[in-house]
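# Structure assessment
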Amino acid sequence: MEMGTKLQHLNRNRGEIMSVIGTLKLVATKRPNQITAVQLRRNKICRRLHEQIMLAKARQDGKQFAATKFRTVTDSETGERKSVEVAKIIKPWWFTTDNGKTAIAVRYGARVLELAKGKFAVEVASPTDIVATLEIIKSAVETGELDAQLEATAGNLRSGFKK
């Protein structure tokens, strides 16, 4: 193709592209540089809930679930630092109560989240309902229903680090 025909082809296609872009809703906004503390807490507990869901699904199927994380190690011979992928230990949040029912205690860090005044766990009808219940809790976190509880627990957790 010669240079003149390439330009004609581009100009013709540019008109088609502009009409396609014209169908989109364009806005004048910038991506935020920082994430809010509320969103950071939601993301943290959602990641943990996702791991619990994957663990529960694996246990229902009779399989093993091994989450991984990256750890930086120093090679003793060369002194070089490198990241290696290692298995992460995940403890289930569900347990059997005194009356034989299954309950789920949602954790934020090392603390159990108080879901309502004096209520720290969700009772589940049977162990097969664990996955569905965890997904409901995850959707509640994503919509912001547990923001006040997360803020209170995070405040208690932070106060333990102050001298």
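Look a little higher up for the structure.
### What to know about the overall build of the protein
- Each helix and strand in the protein was counted, giving four helices and seven strands.
- Here the protein holds 163 residues, and the buried ones make up 25% of them.
- Looking at the protein alone, contacts between residues at least 24 apart form 50% of all its contacts between residues at least 6 apart.
- With an accessible surface of roughly 12500 Å², the protein has 54% of that area assigned to carbon and sulfur atoms.

### Some details on the sheet that holds strand β3 (residues 94-96)
- Spatial strand order, β3-β4-β7: three strands in an open sheet with antiparallel pairing. Of all strands in the sheet, those bounded by a partner on one side alone are β3 and β7 (122-124). With strand direction ignored, the average angle separating the axes of adjacent strands in the sheet is 35°.
- The sheet contact formed by β3 and strand β4 (residues 102-104) spans three bridges and is antiparallel. Its bridge partner being in β4, Thr-96 is matched across the sheet by Thr-102.

### A few points about a nonpolar patch on the surface
- On the surface, Ile-21, Leu-24 and Leu-26 cluster together to form a nonpolar patch covering roughly 300 Å² of accessible area.
- Relative to the assigned elements, Leu-26 resides in the loop between α1 (3-21) and α2 (37-60).
- Assessed through its relative accessible area of 63%, Leu-26 is described here as exposed.

### Concerning the packing of aromatic side chains
- Per the stated rule, a full pass over the model turns up zero aromatic pairs.
- Against the face of Tyr-108 rests Lys-44, its NZ or CZ located 4.6 Å from the ring centre.

### Looking at the layout of surface pockets
- If you add up the space inside the largest pocket, you get close to 400 Å³.
- Residue lining of the largest pocket: 15 residues in total, with Gln-52, Lys-91, Trp-93, Arg-107 and Gly-109 positioned closest to the centre.
- At four residues, α2 tops the list of elements feeding residues into the lining of the largest pocket.
- The residue inventory of the lining of the largest pocket, partitioned by class, reads seven nonpolar, two polar and six charged.

### Considerations on the environment of Tyr-108
- Looking at the element boundaries, Tyr-108 is found in strand β5 (residues 107-108).
- Using a relative accessible area of 7% as the deciding quantity, one classes Tyr-108 as buried.
- Each C-alpha atom of the pair Tyr-108 and Lys-44 lies 8.3 Å from the other, and the pair is 64 residues apart in sequence.
- If we skip the residues at most four places from it in the chain, Tyr-108 touches Arg-41, Lys-44, Ile-45, Leu-113, Leu-150, Thr-153, Ala-154 and Leu-157.

### What about the nonpolar core?
- Grouped together as the largest cluster of nonpolar side chains are 25 residues, with contacts concentrated most on Ile-45, Leu-113 and Leu-134.
- Counting residues per element, the ones that place at least two in this core are α2, α3 (130-143) and α4 (147-159).
- Considering every element that reaches this core, the biggest residue donor is α2, with six residues.
- Residues contacting Leu-113, with those up to four places away along its chain left out, are Ile-45, Val-106, Arg-107, Tyr-108, Lys-119, Phe-120, Leu-146, Gln-149, Leu-150 and Thr-153.

Definitions and limits used
- Residues numbered from 1 in each chain as written.
- Predicted model: local features only at pLDDT ≥ 70, side-chain atom pairs only at ≥ 80, totals over all residues.
- Heavy atoms only, no water.
- Helix = DSSP H or I, 4+ residues; strand = E, 2+ residues; numbered from the N terminus.
- Buried < 20%, exposed > 50% of the residue type's maximum accessible area, 1.4 Å probe, protein only.
- Contact = heavy atoms within 4.5 Å.
- Areas by Shrake-Rupley, 256 points an atom, 1.4 Å probe, with all protein chains shown as cover.
- Pairing = 2+ DSSP bridges.
- Axes fitted to C-alpha atoms, helices over the stretch in contact; angles between N-to-C directions.
- Patch = residues over 30% accessible without salt bridge, like charges linked within 9 Å, V, L, I, M, F, W, Y side chains within 5 Å.
- Salt bridge = Lys/Arg side-chain N within 4 Å of Asp/Glu carboxyl O.
- Phe/Tyr/Trp six-rings, centres within 6.5 Å; stacked < 30°, edge-to-face > 60°.
- Lys NZ or Arg CZ within 6 Å of the ring centre and 35° of its normal.
- 1 Å grid on protein atoms, 1.4 Å probe; cavity = no way out; pocket = protein on both sides within 12 Å on 5 of 7 lines; lining within 4 Å.
- Points joined across faces, edges and corners; volume = space filled by probe spheres on them.
- Nonpolar A, V, L, I, M, F, W, Y, C, P; charged D, E, K, R; others polar.
- Core = buried A, V, L, I, M, F, W, Y, C linked by side-chain atoms within 4.5 Å.

In short, shape yes, function no, at least from these values alone.
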